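Here's the letter readout for the chains.
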Amino acid sequence: MATFRRALLVVVLDVLDTPHHLDPAIAAATNATSDALVVILLSDAFAPTAPASWAQVQTLLAHVYVQASKAAHQQNNLLLDVSVLLNSVLSPDALPPAIDVCFRVDDSTSPPPSLPTSPTHPLLDISLPDPLSSVPHAFLPSHPRPAPSPTFAQIRPSPLSPRYPVVALGGTFDHLHAGHKILLSMAAWIASRKVVVGITGTPPPSPPSSRAQFSSVDALLKKKSNPHLLEPFHTRADRTRSFLMLFRPDLEYELFDLQDVYGPTGSDPDIQALVVSKETLSGAVASTSLPHSLCHNSSLHPPVDRERARKGLPTLQTFIIDVISSDSSKLDHEDAEILKQTKMSSTFIREWIASNHPHSAR
């Protein structure tokens, strides 16, 4: 039974291996939260000067999101808003607003008080910022912690390729969920200056007198299931921007109405990288043989690259994220239809809303 509306879970990572030891804490924090849970993972490997590798970050994010989503599904709380942030220090600027409780992971053999009054704990080598000093704190159980890495090199065995000035991605971003947030996070992770986000669906025209020219669900969205439950464009754009600003507030974000397959990627010379999901890629490169182990640093979007080549622009570096479901952090099916049915999706969320809240388009 959820006790808090908005919760924060703070975790210090000694290694960037898949954090299976955190699964009980993630589930407990999720089960205790009704509206929004923010998980902040702290590690020196998340410092801007020494970023962890693409594979490490994607695997870490996917695991934490899947554990939280799995617990939310089990509680029949699919609309729980979960966000995972990667920080090297815990500063006041990194904190979400209006937190009701701060959860922290306790690795001791004897359980501490459930709601200690002190915002610090000797087992966790961090001090919480002043804004959290008046917030209740709860320590959560975890599995035995893996041994700390003796050197930083073991934390970050494979460095990321140089970050790209401008990174692009696109989607509907309806009922923003874990799959969307991994996609957005990875785009922000490899960007050094700006992220360009195309969102399908025309925003309402201005002035209101011209609204009759537009249907409530435009041509790009009318084939979606339960289209009446699609969030308005401005809602999807606002939630997408809010998450990105929470994940990396140091970047510039440009969100636009995506009306075709190219968007600005077909003509903007500043865009150097494109982030896509594996499902999206399956349609974009139907004529291309995709190596099984490929994860990034390849030109894999022929339509966009042909358009850019026609205009004398270099090809884009394409980065691919894995498609996830609520109980698996990596799905490796070749059949795009299977991916569509099993991945964590806005379609599934709208179906859930239609079944559980038939009189509400929350």
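Note: the structure precedes this text.
Within every chain, residues take consecutive numbers counted from 1 along the sequence as written. Note on the predicted model: pLDDT of at least 70 is required for a residue's local features to be given, and 80 or more for side-chain atom pairs to be given and counted; whole-chain, interface and lining totals, by contrast, use all residues. With hydrogens and water excluded, all non-hydrogen atoms of the structure serve as input to the side-chain values.

S.K.: Account for the packing of aromatic side chains, naming residues and giving values.
M.R.: In this analysis, rings of Phe, Tyr and Trp, with Trp reduced to its six-membered ring, are considered paired at centre separations within 6.5 Å, and the interplanar angle assigns stacked below 30 degrees, edge-to-face beyond 60, and tilted for intermediate values. Taken as a whole and judged by the stated rule, the model has five aromatic pairs. Arranged with centres 4.9 Å apart and planes meeting at 50°, the rings of Trp54 and Phe319 form a pair that is tilted. With Trp54 in helix α2 (residues 54–74) and Phe319 in strand β12 (residues 317–321), the pair connects residues that are 265 residues apart, well separated along the chain. Burial classes: relative accessible area under 20% of the type maximum marks a residue as buried, over 50% as exposed, and values in between as partly exposed (1.4 Å probe, protein chains only). Judged by relative accessible area, which is 1%, Phe319 ranks as buried. Only DSSP runs of H or I with at least four residues qualify as helices, and only runs of E with at least two residues qualify as strands; both kinds are numbered from the N terminus onward.

S.K.: So, the sheet that holds strand β9 (residues 191–200): which residues are in play, and what are the values?
M.R.: Should DSSP find at least two bridges between two strands, the strands are taken to pair. If you walk across this open sheet you meet the five strands as β10-β9-β8-β11-β12, and the pairing is parallel. Two strands lie at the open edges of the sheet, namely β10 (252–258) and β12, each paired on one side alone. Direction aside, the axes of adjacent strands within the sheet are offset by 25° on average. Where β9 lies against β10, seven bridges are found, and the strand directions are parallel. Residue pairing for β10: Gly198 is matched across the bridge by Phe256. Lines fitted to the C-alpha atoms define the axes, with helices restricted to the stretch that makes contact. Angles between their N-to-C directions range from 0 to 180 degrees.

S.K.: Go over the environment of Val105, please, and point to the residues and values.
M.R.: Checked against the element boundaries, Val105 lands in strand β4 (residues 101–105). With relative accessibility at 4%, the residue Val105 sits in the buried group.

S.K.: Please provide a residue-by-residue account of the pairing of strand β1 (residues 4–12), values included.
M.R.: Sheet topology places β1 next to strand β2 (residues 33–42); eight bridges connect them, and they run parallel. Counted as the bridge partner of Ala7 is Leu37 from β2. Assessed by its sense of winding, the connection that carries the chain from β1 through helix α1 (residues 23–31) to β2 is right-handed. Here four bridges tie β1 to β4, and the two strands are oriented parallel to one another. By the bridge assignment for β4, Val10 is matched with Arg104. Note on handedness: a crossover is taken as right-handed if, strands pointing away from the viewer, the path from the first strand over the helix to the second is clockwise.

S.K.: Tell me about the sheet that holds β1, and please be specific about residues and values.
M.R.: In space, the five strands of this open sheet follow the order β3-β2-β1-β4-β7, with parallel pairing throughout. Among the strands making up the open sheet, the edge pair consists of β3 (81–87) and β7 (137–140). Taken pair by pair, the neighbouring strands of this sheet meet at an average axis angle of 20°, ignoring direction. Bridge count for β4 against β7 is four bridges, and the pairing is parallel. Paired with Phe103 across the two strands is Ala138, which belongs to β7. Across the face of the sheet, α2 comes into contact with β2 and β3 while running at roughly 150° to β3. Any two residues having at least one pair of non-hydrogen atoms within 4.5 Å are treated as being in contact.

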